2 protein chains.
Amino acid sequence: MPRKICVHHSRDYPCSCGLGNLYRFVEPVVLRMLQIKGRSCGYNLCSELQEHALTDAEIDKAALYRTLRHLEANGHVKSAWEEGEGGPARRVYRLTKEGEKHLEEWTVVLENLSRSMSRFVRGARKAIADQAAKTSKAA
Amino acid sequence: MPRKICVHHSRDYPCSCGLGNLYRFVEPVVLRMLQIKGRSCGYNLCSELQEHALTDAEIDKAALYRTLRHLEANGHVKSAWEEGEGGPARRVYRLTKEGEKHLEEWTVVLENLSRSMSRFVRGARKAIADQAAKTSKAA
DNA sequence: GGAAGGTAGATGCGATATACATCTAGATGA
DNA sequence: TCATCTAGATGTATATCGCATCTACCTTCC
């Protein structure tokens, strides 16, 4: 998933180094949406994206469209124009094999990230509780 | 935790909107380190930061020092110069009360993020498994 | 027929952030 | 005195973000 290949890890380990410059968590969400829906155009994705978003940051239309083009440039999705039923033509996207793989990589990255975050949370919470216990005892 | 106040949520809910432009997850880690160590200078934090990092992206020296100055500018940490034992003087940081609160906010944000990520992972994994079951059955 | 409004996609651009290199400067040691 | 280590800070090209704006098609309604 890194935009540029990570120099710290082996080629096939999906490290989270690339999160350094993450595309606002939108890339994995787009991939997941296409996995669910099979095929969709940017506009429809946009409206449903929020429900599957990882953060509660509002996903930017511009970011979405740019992410789709970026994914296509990397062969993760493929698009085709379709006549719109009532409305302008729409560019309909679907996942490619590589895209499915890319999503799996993202899954590993997010799994690790999720784990390290919950570890962080546990640790910080415990420290706060211990601190509180100590001060209440002292009083 | 957002660098600029979020316009989508109430003032006191620590939303993850600010993650849009996250400081590479380094801010919470620095706060946590200071919670653990009580007091430390940038140089020492740097060497131990990696163990507590959320991602396996290497934390940048420059990012660390800038984050510390940023935290201090916002009143989350406080620094004082100390004579170094063998070596140049060091700027020693400690958490302020506001910093502790800031860490608690981060904790909530990361907790939510961790949860939505693991939900994402479960969903994507299940979809992959279902897909695999279907194709093996068809064969 | 033409103005208004909704659908769909794309672009422009200033402000920030990131990554990486470089710089200052005191202390130590050969 | 020259190199090296410790400690902190800065410079800068490039990438990304956020927000506004633009094109263009289609439908509806006056």
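Refer to the structure presented above.
Note that the coordinates shown come from a computational prediction; the quantities given were computed from them, not determined experimentally.

Participant: Which parts of the structure should I look at to understand helix H1 (residues 26-37) of chain A?
Facilitator: Side chains that are three or four residues apart share a direction in an α-helix, a result of its 3.6 residues per turn. Residues and elements named next belong to chain A. Across its 12 residues, H1 extends 16 Å between first and last C-alpha, which sits within 8% of the 16 Å expected from 1.5 Å per residue. Buried residues of H1: Val-26, Glu-27, Pro-28, Val-29, Val-30, Leu-31, Arg-32, Met-33 and Leu-34, and no others. Gly-38 sits one or two residues past H1 and shows a positive phi near 85 degrees.

Participant: Explain the sheet that holds strand E3 (residues 90-95) of chain B here, please?
Facilitator: Whenever strands of a sheet pair, they do so through backbone hydrogen bonds, lying parallel or antiparallel. Residue and element names in this part refer to chain B. Spatially, the 3 strands line up as an open sheet ordered E1-E3-E2, and their pairing is antiparallel. What marks the edges here is a single partner per strand, and that holds for strand E1 (39-41) and strand E2 (77-82). Neighbour to neighbour, the strand axes of the sheet diverge by 30 degrees on average, direction disregarded. Bridge count between E2 and E3: 6 bridges; the pairing is antiparallel. Directly across from Trp-81, in E3, lies its bridge partner Arg-91. Running at roughly 90 degrees to E3, helix H1 (residues 26-37) makes contact with E1, E2 and E3 of the sheet.

Participant: Can you help me understand the pattern of salt bridges in this one?
Facilitator: Pairs can form between side chains of opposite charge once their charged atoms are near each other. Residues and elements named next belong to chain B. Across all of its chains, the model carries 10 salt bridges over all chains by this definition. With its nearest N and O atoms 3.0 Å apart, the salt bridge here joins Asp-130 to Lys-126. Of this pair, Asp-130 and Lys-126 both sit in helix H4 (residues 97-138), 4 residues apart, which is roughly one turn of the helix. According to the relative accessible area criterion, Asp-130 is partly exposed, its value standing at 42%.

The rules behind each value
- Residues numbered from 1 in each chain as written.
- Chains lettered and ligands numbered in written order.
- Predicted model: local features only at pLDDT ≥ 70, side-chain atom pairs only at ≥ 80, totals over all residues.
- Heavy atoms only, no water.
- Helix = DSSP H or I, 4+ residues; strand = E, 2+ residues; numbered from the N terminus.
- Expected span 1.5 Å × (residues − 1).
- Buried < 20%, exposed > 50% of the residue type's maximum accessible area, 1.4 Å probe, protein only.
- Pairing = 2+ DSSP bridges.
- Axes fitted to C-alpha atoms, helices over the stretch in contact; angles between N-to-C directions.
- Contact = heavy atoms within 4.5 Å.
- Salt bridge = Lys/Arg side-chain N within 4 Å of Asp/Glu carboxyl O.

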